[in-house]
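Single-letter residue listing:
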Amino acid sequence: MNEKEKKELQSKIGDNVLKEIVPRINELAHKAKNEGLTEVEKIERAELRKKYVARFRENFKSQIELMKVYDKSGKEITSKRVKSIQRHKGLRDD
């Protein structure tokens, strides 16, 4: 991945932690495919992947918690659990 591609990818990612992690994960992936990784690099790759997955889950959970779901007739059908979480976070008035 060249510098232009890295900057393009980073501009698409809104999360600063992911902006740092993703390019390094990609570098290690390319190196693993082409020449192989040292034991230290394998450990680093595993740690970066864990951070990436944890951050992804955290962001996805936040998006789901902010979502309201409506049926075709316009009636809200958001689950009770999500409504409860939204109330707890002060995102709902009802």
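All of these numbers come straight from a predicted model, not from anything done at the bench.

Student: It is not clear to me how helix α3 (residues 39-66) should be interpreted in this structure. Could you clarify?
Tutor: Over its 28 residues, α3 runs 41 Å from end to end, which matches the ideal 40 Å to within 8%, given 1.5 Å per residue. Every buried residue of α3 is listed here: E41, L48 and E65. Contact partners of the buried residues in α3: α2 (16-34) and α4 (80-88).

Student: Looking at this structure, how should I read the packing of α2 against α3?
Tutor: To characterise two packed helices, one gives the angle between the axes of the helices and the distance between these axes. Two elements in contact, α2 and α3, have axes whose closest approach is 10 Å; the angle formed by their N-to-C orientations is 140°. The angle between α2 and α3 falls in the class oblique. In this structure, the crossing between α2 and α3 has a hand that is left-handed. Contacts between α2 and α3 involve V17, L18, I21, V22, R24, I25, L28, K31 and A32 from the former and E41, E44, R45, L48, R49, K51, Y52, R55 and N59 from the latter. For the contact of α2 with α3, the class distribution of residues is nine nonpolar, one polar and eight charged.

Student: Explain the packing of aromatic side chains to me, please; I cannot follow it from the model alone.
Tutor: Any pair of aromatic rings gets described here by the distance separating the centres and the angle formed by the planes. Here the structure, examined in full by the defined rule, presents one aromatic pair. Consider the rings of F56 and F60, whose centres lie 6.1 Å apart with planes at 10°: the pair is stacked. Taken together, the residues span about one helical turn, with F56 and F60 both in helix α3 at a distance of four residues.

Student: Is there a simple way to explain the side chain of K83 in this structure?
Tutor: Mapped onto the fold, K83 is located in helix α4. Despite its burial, K83 pairs with no opposite charge; the closest candidate is E76, at 4.9 Å N-O.

Student: What exactly am I supposed to notice about the pattern of salt bridges here?
Tutor: Should the charged atoms of two oppositely charged side chains come close, the side chains can pair. Tallied over the full model, the rule gives seven salt bridges. The salt bridge partner of E41 is K31, with a shortest N-O separation of 2.6 Å. Linking E41 in helix α3 with K31 in helix α2, this pair joins segments that are ten residues apart in sequence. For K89, the salt bridge is made with E65, and the minimal N-O distance between the two is 2.4 Å. With K89 in the segment after α4 and E65 in helix α3, this pair connects stretches of sequence that are 24 residues apart. Overlapping salt bridges, with partners in common, bring together R24, E27 and E44 in one network.

Conventions used here
- Residues numbered from 1 in each chain as written.
- Predicted model: local features only at pLDDT ≥ 70, side-chain atom pairs only at ≥ 80, totals over all residues.
- Heavy atoms only, no water.
- Helix = DSSP H or I, 4+ residues; strand = E, 2+ residues; numbered from the N terminus.
- Expected span 1.5 Å × (residues − 1).
- Buried < 20%, exposed > 50% of the residue type's maximum accessible area, 1.4 Å probe, protein only.
- Contact = heavy atoms within 4.5 Å.
- Axes fitted to C-alpha atoms, helices over the stretch in contact; angles between N-to-C directions.
- Parallel < 35°, antiparallel > 145°, perpendicular 65-115°, else oblique.
- Left-handed = near helix turned anticlockwise from the far one by under 90°.
- Nonpolar A, V, L, I, M, F, W, Y, C, P; charged D, E, K, R; others polar.
- Phe/Tyr/Trp six-rings, centres within 6.5 Å; stacked < 30°, edge-to-face > 60°.
- Lys, Arg positive; Asp, Glu negative; His and termini not counted.
- Salt bridge = Lys/Arg side-chain N within 4 Å of Asp/Glu carboxyl O.

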